[in-house]
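Read off the chains here:
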Amino acid sequence: MIQIRIHGRGGQGVVTAAELLALAAFRDGKEAQAFPSFGSERTGAPVTAFCRIDSQPIRSREPVYHPDVLLIQDSTLLHQVDVFAGLAQSALVLINSTRHVDALHLTDFVTQHPGVQMYSFPASDLAMKHLGRPFANIGMVAGYAVLTGEVSKASVNQAITEKFPGKIGELNVTVAAEVYDYVAANLAKV
Amino acid sequence: MKQHIEGSQAVAHAVALCRPEVMACYPISPQTHIVETLSRKVKAGEVGNCQFLNVESEFGALSVLIGASAMGARTYTATTSQGLLFMAEAVYNAAGLGLPIVMTIANRAVGAPINIWNDHSDSMSMRDAGWLQLFAEDNQEAVDLHIQAFRLAEELSCPVMVCMDGYILTHAYEVVDLPTQEQVDAYLPVFEPVQVLDPQDPVSIGAMVGPEAFAEVRYLAHNKHLRALEEIPRLSQAFQDIFQRSSGGLLKTYHTDEAETILLALGSVNGTIKDAVDDLREEGWPVGSIALRAYRPFPSHALRHVVKGAKRIIVIEKDLAVGKGGIVSSDVKMALQGVPIIVDTVIAGLGGRSIPKASVIDTVKQACLEGLEEPHFLDLNWDAINRELTRQQAQRRSGPTPENILREIGAPGASPI
Amino acid sequence: MSYQRVKFYQTGTFTVGNRLLDESNRTVQAGMDRTNSLNSGHRACQGCGEALGARYALDAVMRATHQQMVAVNATGCLEVFSSPYPESAWQIPWMHSLFGNAPAVASGVAAALRAKGKTDIRVIAQGGDGATVDIGFGCLSGMFERNDDVLYVCYDNEAYMNTGVQRSGSTPPRAWTNTTQAVGKDPGNPMGIGKNLPRIAMAHGIPYVATASVADLHDLEAKVTKAMSIRGARYIHIHVPCPLGWKSDPAHTIKVARLAVESGLFPLFEAEGGEVTDRTPIRKKVLVEQYLELQGRFKHLLHPRDEGALEAIQAMADANIHRYQLLPLKA
């Protein structure tokens, strides 16, 4: 089972990212589950969403305490919330930021967790280019897909168009396509 | 057709296929996604001539359904927590009048302190109101139980609550096999009421009943629940015949044969419990679990049958009878009267506190090795409690307890989960 | 208005014999085809204004709907005296659910009828003043604002009579009840509180609001009949004396009701879409004292005389007369 935890802020489409990942995995023929860290958070408050992907039916409903994958949609959370809590030793961390990982003041964490692979890329900027709005969620999902191959690009695209029918969906697929290329070109394959 | 869908939307889909005629709804989290979806379906003309009323309160919502049901309409609403308590008087009334209303409870804690997260305090507060109470373990079952609930309600002329864990199920996206209209129509006949307001055949409904007859009327309500103990398995089987999957019934067992310790719970936590059972069995612990599907009527006989031979039952319940302890465990103890078996109460998951598999496993081991205090509170922060108790003893005006505890525990949001 | 106002009066009274009227103008109750919706044999007290009002109102609905009606009843005297199990005085499909939910239950009945396409069957809901202005007010307001096709009839006897005469939001100023006792300073119900539900109903902008009184049963029937010619939420507020709670002579029920109207304390009017469209002028104005003195609940205002209270109550009546133009303007 792959357990994914997504951090962001209310209004950034964090829950949608989890849904898209689960839906894409389902389209790939896997079992998948997505749910938010339920709360009464308003726009801007830190929020968390979870996704589990497995070849077996998923019965657990506890929050993801020990993520294999951490998607951080808002890098301002890095030093506000303990986003790394319970991280698996060989976890993948993907951060939405225009800065390189080395410039995110995470040296201590990186040194202490040599097995963790951490990447950053400007998902908001890429979304801004096509959508005119800095939604990083599509970028995080697409980036995860292309880095790990755990969900197929085709299924991610299909999930996007199912979730967002019409023009918005098309634009978001364009964002995803750009992210696939960007990540493939700029980040090392896991 | 299998779909990856939010629990609330799946339930709304199922309810719409049941061809309800009147729905009256009032918003309260976490039930809102269900009624929002239904309101859209009705407005879009996907639910026949169904009337969707936006009403002024939960009390109004159920009252509207009382009138509509007495007029012979198939009726539905959803609520939770404070909303269920606000409609309490009508909850008893609907059952007393024998009106086959179906209501989803998106289970949530009851305040104060105000808390929007999941536990079972709300439906437990209405457990003796005369409604049947069915608990879903996952969203597939939530869908299936709603379809069964309409048939059950109408066959018995008795209202049914379908309880599904708020947020944990209502807001979870997972794979659900959505039924088709043809399947639902094959399973659920047209509603034929046993009593109806009809100008051609006028009757009085809701007359006053004095001491000379009240007990008999109440017994007949009880008798409906006794019949439900037979109807629930029968209708579950009938469901399986059409939908080709097992859903509902009085209870579901998991590795209970030859289990020495059996965990018992209601609702979605049974998923985590099954994972815990698997892990424990791998380590050689002879454990199993029971998921109660029907809480009202309480399946005492079925329970006695499946726990035969076990030494211990650990009831994990998301509620608290303040001043006493367990609610479900009391029912279990009563059902097992005379059976030589230890019944432990574990109060867990209150107000949305997650019930981690690791904690379940630890508790089972602790129970088997050392025994548990009665009741046992899972993962309680004793430090915070003891500090607050000390404070309260030290000063008369110690202030509001919830705020004090929050201060003890630290700012919300600082923790990632 | 669809009916012709009564013009013939017997000398010295304000009542009229049906014999003097054309058959089409007679009361529903005078007809051989009256339905006895609320049959005799029920257990109301002597002189019960509510039983009288309900009988007239419901038979008028039955005639107007050609017997195609369903009634929903709030908990209260009317419900209790009419339906002690296993007897029922109701000759109509009738349902009682709770004290505070009759308007919502009626909304549900109306919704079911819409769903089933049976729009020829009409719905009325009824309750006392406690059920209407107090405990059921939220549901009533909801029914109004949704403009559900329900006629709600309030039988206002100005206190919780079923439970033994306690104050409601409709209890008049300075009246004795068991929870506004005639002791201490300013005995009885305080001045300046309580609600005027017909005006609140009007504020919802519903199609039809009317007040009526058992003092003018022909007018009551006409208003019910008119209400049933309209679709949507309608409200009729009927003043019904309660000899027990008002400490009045059961034989004086009609007289007391008439004095409430003739003093201006209970104005009779109709409103459509929130605007007053008609009122019943006062024929022979009386002072409020004449109304109060027949009722033991106001005894403490007259023995000894409480001039301040009497003036204040008279001022209320005069304000009604002015507001609803109940007296012809003096030349």
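The structure we're discussing is the one just above.
Treat the numbers as computed from the prediction; the structure is a model and nothing was measured.

Rules behind the numbers
- Residues numbered from 1 in each chain as written.
- Chains lettered and ligands numbered in written order.
- Predicted model: local features only at pLDDT ≥ 70, side-chain atom pairs only at ≥ 80, totals over all residues.
- Heavy atoms only, no water.
- Contact = heavy atoms within 4.5 Å.
- Buried area = accessible area lost by both parts, 1.4 Å probe.
- Salt bridge = Lys/Arg side-chain N within 4 Å of Asp/Glu carboxyl O.
- Polar contact = N/O pair within 3.5 Å; in protein donor to acceptor, adjacent residues only side chain to side chain.
- Helix = DSSP H or I, 4+ residues; strand = E, 2+ residues; numbered from the N terminus.
- Nonpolar A, V, L, I, M, F, W, Y, C, P; charged D, E, K, R; others polar.
- Pairing = 2+ DSSP bridges.
- Phe/Tyr/Trp six-rings, centres within 6.5 Å; stacked < 30°, edge-to-face > 60°.
- Buried < 20%, exposed > 50% of the residue type's maximum accessible area, 1.4 Å probe, protein only.
- Axes fitted to C-alpha atoms, helices over the stretch in contact; angles between N-to-C directions.
- Core = buried A, V, L, I, M, F, W, Y, C linked by side-chain atoms within 4.5 Å.

1. Quick look at the interface of chain B and chain A
- Taken residue by residue, the interface counts 32 residues in chain B and 28 residues in chain A.
- Counting the surface lost from both chain B and chain A, the interface buries some 2300 Å², and carbon and sulfur atoms represent 58% of this.
- Where chain B meets chain A, there are 3 salt bridges.
- A salt bridge links Asp275 of chain B to Arg59 of chain A, with the shortest nitrogen-to-oxygen separation between them at 2.9 Å.
- Scanning the region where chain B abuts chain A turns up 10 residue pairs in polar contact (both at pLDDT 80 or more).
- The set of elements that each furnish at least two residues to the side of chain B that touches chain A consists of β1 (2-6), β8 (173-177) and α10 (269-282) of chain B.
- Among the elements that make up the side of chain B that touches chain A, the one with the highest residue count is α10 of chain B (5 residues).
- Tallied by class, the residues present in the side of chain B that touches chain A amount to 14 nonpolar, 10 polar and 8 charged.
- Of the pairings in the sheet, the one linking strand β2 (residues 31-36) of chain A to β8 of chain B comprises 2 bridges and is antiparallel in character. Residue Gln33 of chain A lies in a different strand from β8 of chain B, and its bridge partner there is Glu174 of chain B.

2. Considerations on the environment of Arg108 of chain B
Residue and element names in this part refer to chain B.
- Its location among the elements puts Arg108 in the loop between β5 (102-107) and α6 (121-125).
- A sequence separation of 121 residues divides Arg108 from Leu229, and the C-alpha atoms of the two residues are 26 Å apart.
- In this structure the side chain of Arg108 is engaged in a polar contact, spanning 3.1 Å, whose partner is the backbone oxygen of Asn115.

3. Regarding the arrangement of the chains
- Looking at the 2 pairs of chains with contacts, the pair that accumulates the most is chains B and C.
- At no point do chain A and chain C touch; the closest pair of C-alpha atoms across them sits 27 Å apart.

4. Details of the packing of aromatic side chains
- This model, assessed by the stated rule, comprises 14 aromatic pairs over all chains.
- Seen in terms of ring centroids, Phe135 of chain B and Tyr295 of chain B are 6.4 Å apart; in terms of plane orientation they differ by 85°. Their pairing is edge-to-face. You can see Phe135 of chain B sitting in strand β6 (residues 132-135) and its partner Tyr295 of chain B sitting in strand β13 (residues 294-296), a full 160 residues away along the chain. Across the pair, exposure class does not vary: Phe135 of chain B and Tyr295 of chain B are buried alike.
- Pairing Tyr152 of chain C with Tyr235 of chain C gives two aromatic rings, centres 6.1 Å apart and planes at 15°, and the pair type is stacked. Taken as a pair, Tyr152 of chain C in strand β4 (residues 150-156) and Tyr235 of chain C in strand β6 (residues 234-239) lie far apart in primary sequence, 83 residues in all.

5. Some points on the sheet that holds strand β7 (residues 269-272) of chain C
- Ordered by their spatial adjacency, 9 strands build an open sheet running β9(B)-β2(C)-β1(C)-β3(C)-β4(C)-β6(C)-β5(C)-β7(C)-β8(C), and the pairing between neighbours is mixed. Both outer strands of the open sheet, β9 (204-205) of chain B together with β8 (275-279) of chain C, are each paired with one neighbouring strand and no more.
- Relative to β7 of chain C, strand β5 (residues 208-213) of chain C is paired through 2 bridges, and the arrangement is antiparallel. Of the residues in β7 of chain C, the one forming a bridge with Val209 of chain C is Ala271 of chain C.

6. Focus: the interface of chain B and chain C
- Across the boundary between the two partners, chain B contributes 38 residues, which contact 40 residues of chain C.
- Between chain B and chain C lies a buried interface of about 2900 Å² when both sides are counted; carbon and sulfur atoms form 64% of it.
- Counting the surface chain B buries against chain C, the share from its top three residues, Met71, Pro199 and Met208 of chain B, is 20%.
- Put simply, chain B and chain C have 2 salt bridges between them.
- Measuring nitrogen to oxygen at the nearest pair gives 3.1 Å for the salt bridge that ties Glu21 of chain B to Lys116 of chain C.
- Counting across the interface, chain B meets chain C through 15 residue pairs in polar contact (both at pLDDT 80 or more).
- At the level of elements, β3 (51-54), α3 (58-70), α5 (88-96) and β9 of chain B are the ones that each hand at least two residues to the side of chain B that touches chain C.
- Element by element, the count of residues in the side of chain B that touches chain C is highest for α3 of chain B, at 8 residues.
- Residue composition of the side of chain B that touches chain C, by class: 22 nonpolar, 11 polar and 5 charged.

7. Overview of the sheet that holds strand β5 (residues 92-96) of chain A
- Spatially, β6(A)-β5(A)-β4(A)-β1(A)-β3(A)-β2(A)-β8(B)-β1(B) is the arrangement adopted by the 8 strands of the open sheet, whose pairing is mixed. Pairing within the sheet leaves two strands with one partner each, and these edge strands are β6 (117-121) of chain A together with β1 of chain B. Going from strand to strand, the sheet's axes swing by 25° on average, the running direction of each strand aside.
- One ladder, built from 4 bridges, connects strand β4 (residues 69-72) of chain A with β5 of chain A; its direction is parallel. Bridging from a neighbouring strand, Leu71 of chain A pairs with Leu94 of chain A of β5 of chain A.

8. Section: the nonpolar core
- Counting residues in hydrophobic clusters, the biggest one holds 98 residues, and the most contacted among them are Val91, Trp131, Leu303 and Val332 of chain B together with Tyr235 of chain C.
- Broken down by element, this core gets its largest block of residues, 10 residues, from helix α3 (residues 102-116) of chain C.
- Excluding residues within four positions of it along the chain, Leu303 of chain B makes contact with Leu251, Leu264, Ile290, Phe298, Val332, Ala335 and Leu336 of chain B.
- Counting residues in hydrophobic clusters, the runner-up holds 51 residues, among them Cys18, Val162, Val176 and Val184 of chain B.

9. Thoughts on the side chain of Thr345 of chain B
All names here are of chain B.
- When you line up the elements, Thr345 lands in strand β15 (residues 342-347).
- Residue Thr345 is classed as buried on the basis of its relative accessible area of 0%.
- A polar side-chain atom of Thr345 sits 2.5 Å from a polar atom in the side chain of Glu374.
- Beyond its immediate stretch of four places on either side in the chain, Thr345 contacts Val315, Glu317, Gly326, Ser329, Lys333, Glu374, Pro375 and His376.

10. Considering the environment of Val184 of chain B
Residue and element names in this part refer to chain B.
- Note on placement: Val184 falls in helix α8 (residues 181-187).
- On the basis of relative accessibility, which here comes to 1%, the residue Val184 falls in the buried class.
- Placed 161 residues apart in sequence, Val184 and Thr345 show a C-alpha to C-alpha distance of 39 Å.
- The contact partners of Val184, leaving out residues within four places of it in the chain, are Leu17, Cys18, Ile147, Pro179 and Phe243.

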